[in-house]
Amino acid sequence: MALPYQWQMRVNRWRSAMSGFFGGGGDQQPRPKICPACGTLVGINATRCHQCGTNLTFSMAAINRRFSGFFGGRAPVTTALLIINILMFGVSLVATLQAGQGGGLTILWGLDIEVLYRLGAVWAPAIVHGEPYRLVTAMFLHGGLIHIGFNMMVLMDIGPVVEEVYGSARYLFLYLVTGVAGYVLSAYASRLHPVPSIGASGAILGLIGLMIAITTRRGGATMQALRSRLISWVVSIFVLGYFMRVVDNWAHFGGLAAGFLLGKVFADREPMNAAELKRAHALGWSAAIVILASFVFMILHFRDPLR
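Read on for an overview of the structure. In this text, all values refer to a predicted model and were calculated from it rather than measured experimentally. (Residues numbered from 1 in each chain as written. Predicted model: local features only at pLDDT ≥ 70, side-chain atom pairs only at ≥ 80, totals over all residues. Heavy atoms only, no water.)

## A short note on the packing of helix α9 (residues 168-189) against helix α12 (residues 249-265)
Here's step 1: Taken N-terminus to C-terminus, the directions of α9 and α12 make an angle of 140°; their axes are 7 Å apart at the nearest point. Classified by the angle between their axes, α9 and α12 sit oblique to one another. You can see that α9 and α12 cross each other, and the crossing is right-handed. Mapping the contact onto sequence places Leu-174, Val-177, Thr-178, Ala-181, Gly-182, Tyr-183, Leu-185, Ser-186 and Ala-189 in α9 and Trp-250, Ala-251, Phe-253, Gly-254, Gly-255, Ala-258, Gly-259 and Leu-262 in α12.
Here's step 2: Per-class residue counts for the contact of α9 with α12 are eleven nonpolar, six polar and no charged. (Axes fitted to C-alpha atoms, helices over the stretch in contact; angles between N-to-C directions. Helix = DSSP H or I, 4+ residues; strand = E, 2+ residues; numbered from the N terminus. Parallel < 35°, antiparallel > 145°, perpendicular 65-115°, else oblique. Left-handed = near helix turned anticlockwise from the far one by under 90°. Contact = heavy atoms within 4.5 Å. Nonpolar A, V, L, I, M, F, W, Y, C, P; charged D, E, K, R; others polar.)

Take a look at the structure:
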């Protein structure tokens, strides 16, 4: 059975993106390239942009463009974050089932706490005793289908907006820093009575903090109305967290505060020149390396004895 026309176009786009993801071009004739960072036309055999110096194959800007083509959107980092969260939820669910847990409706909000701990949940004593990678891995873990469903719905609603404002590289850095800040505050606040904490909501509140900071910079009735809605949303989240003990309001507050402060420091626009591009790409690559290293440490510590 033939595919519908829209799906044929989508498959062709994905095939083209995958064939050129690492610089391959199939049987196409060589042609001038466009710098993925500044848009300058460069030569056929060029490996770097003569205008801004960006690597045309292995830079964050080049990879972002390939991800954008593959996913068919302008928010490749948000899409990648969504995929990682879903994959980690699948791993958590499978491990919970293998542990003999997860029957009935526990998939909604009741994955095995030991599994989540081994996969990198934040727990103050573990962090103090040399496992800081948990501040990162916990951002990609969720306790159940309701938990991940709500967080990913908000991420896909807010993430693309913030990513378009700051650019993909700085967006990844800001997402990571605000999420880690939330869990640092959470771990410190719970050090006397430590409880495991997981979820992307600290980083998501960080994105909301960034948006609130943007609205304070830009005047007008539209920005004021948006700021009022964001603040109302934040108040509702904290009120809900007050009445539900499973909600980590400390992580929420830490992420929100970090996002607001970073929103005051970072210019609310994409990089404008070569120097800003290099700094943005350095931040983005640093964040990506930290995330990758954190998952490597999680794997290495997965079978450690429980504390």
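## A few points about helix α10 (residues 201-217)
Given 3.6 residues per turn, any residue in an α-helix points the same way as the ones three and four places further on.
Here's step 1: Taking 1.5 Å per residue, 17 residues should reach 24 Å; α10 reaches 24 Å between its end C-alpha atoms and fits that length.
Here's step 2: Counted residue by residue, α10 has 15 buried out of 17 residues, so it is predominantly covered. (Expected span 1.5 Å × (residues − 1). Buried < 20%, exposed > 50% of the residue type's maximum accessible area, 1.4 Å probe, protein only.)

## Quick look at the pattern of salt bridges
Here's step 1: One pass over the structure, following the stated rule, counts five salt bridges.
Here's step 2: The residue Arg-217 makes a salt bridge to Asp-268 at a minimum N-O spacing of 3.6 Å. Here Arg-217 is found in helix α10, whereas its partner Asp-268 is found in the loop between α12 and α13 (274-301), with 51 residues between them in sequence.
Here's step 3: In this structure Arg-217 comes out as partly exposed when scored by relative accessible area, which is 34%. (Salt bridge = Lys/Arg side-chain N within 4 Å of Asp/Glu carboxyl O.)

## Structural notes on the side chain of His-147
Here's step 1: Looking at where His-147 falls in the secondary structure, it is placed in helix α8 (residues 145-166).
Here's step 2: Here Gly-143 takes part through its backbone nitrogen, which lies 3.0 Å from a polar atom of the side chain of His-147.
Here's step 3: In this structure, His-147 is in contact with Leu-108, Trp-109, His-142, Ile-198 and Gly-199, ignoring residues within four places of it in sequence. (Polar contact = N/O pair within 3.5 Å; in protein donor to acceptor, adjacent residues only side chain to side chain.)

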